[in-house]
Amino acid sequence: MSLMTILYRIYQLCIALPIFLVLTLLTAFTTIIGSLLGGAHVWGYYPGKVWSQLTCYILLLPVKVQGREKLDKHTSYVFAPNHQGIFDIFLIYGFLGRNFKWMMKKSLRKIPFVGKACESAGHIFVDRANAKGMLSTIRQAERSLKNGVSLVVFPEGSRTQDGTLGAFKRGAFQLADDLQLPVVPVTITGSFETLSRSAKWVSRHRLVLTIHDPIPPQGKGPENVKALMTETYEAVANGLK
């Protein structure tokens, strides 16, 4: 283990981690209170955006974003990024540059403070064990995705084990088909090297967020869902190459 690695781990433990914990609590409380006062559109996004940016800066992680000019600020999208690790969340929340709602596992609601903040912000929880959950998800998304507010879904469903791109699930694309929204493939690189699923320490590595061309709906129904899924997977995979 190099001297720089040792020093960086000491920095993480003694400086970055305490600051991160305080920032997380402040962000959660700010989101909850602001949303309760009636500003979920603002307070459900901007505190999390600042929290994510500060987390990357505090951990001295360089970030690069490319392709943001491909998006129209008045259009709602379904963003479909690959899921390399925990830092995908900070990279998307902090640097995507679009107000959005997450579609996340219902179990995440149980995380102290953070789960309540996500609920207050209007993020969409999905019960994977409930077959009727998608209908509820569609109805909630219809209420949320207005005036350029978008949705972010990890189509792999969970973080990669080995850094490779996993198979996509239909949920995000079925939702895009039902709401007739364009899908935006997003490729994340560097997050697996920064903190993989099995890692215990953060490693300094550049995080790159690549936004691909939006894929508009090509009709409506199973064929459209299949086409959206195939094109999105190919775009994300090409970004990884």
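One can find the structure itself at the top, above this paragraph.
Residues numbered from 1 in each chain as written. Predicted model: local features only at pLDDT ≥ 70, side-chain atom pairs only at ≥ 80, totals over all residues. Heavy atoms only, no water.

Undergrad: I'm lost on the packing of aromatic side chains in this one. Help?
TA: Ring pairs (aromatic) are described by centroid distance and by the angle formed between their planes. Following the criterion strictly, the structure yields 16 aromatic pairs and no others. Here the aromatic rings of F20 and W51 are separated by 6.0 Å at their centres, their planes lie at 25°, and the arrangement is stacked. Residue F20 is located in helix α1 (residues 3-36), and its partner W51 is located in helix α3 (residues 46-58); the two are separated by 31 residues in the primary sequence. Given a relative accessible area of 14%, W51 falls into the buried group. (Phe/Tyr/Trp six-rings, centres within 6.5 Å; stacked < 30°, edge-to-face > 60°. Helix = DSSP H or I, 4+ residues; strand = E, 2+ residues; numbered from the N terminus. Buried < 20%, exposed > 50% of the residue type's maximum accessible area, 1.4 Å probe, protein only.)

Undergrad: I tried to follow helix α9 (residues 222-240) on my own but got confused; where do I start?
TA: Every α-helix winds through 3.6 residues per turn, so residues three or four apart in the chain are directed the same way. The first and last C-alpha atoms of α9 sit 27 Å apart over 19 residues, in line with the 27 Å expected at 1.5 Å per residue. Those residues of α9 lying buried are N224, V225, L228, M229, T232, A235, V236 and A237. Those residues of α9 that are buried lie in contact with β2 (78-81), α7 (171-179) and β6 (183-189). (Expected span 1.5 Å × (residues − 1). Contact = heavy atoms within 4.5 Å.)

Undergrad: Whenever I open this one, the nonpolar core confuses me. Can you help?
TA: Inside soluble globular proteins, nonpolar side chains tend to come together where they are buried. Ranked by size, the top nonpolar core spans 31 residues in total, and within it F79, F87, I92, L96 and F100 carry the most contacts. Listed by contribution, the elements that provide at least two residues to this core are α1, α3, α4 (87-95), β3 (100-105), β6 and β7 (207-211). With 6 residues, α4 is the single largest residue contributor to this core. Excluding residues within four positions of it along the chain, L96 makes contact with R68, F79, L91, V152, L209 and I211. (Core = buried A, V, L, I, M, F, W, Y, C linked by side-chain atoms within 4.5 Å.)

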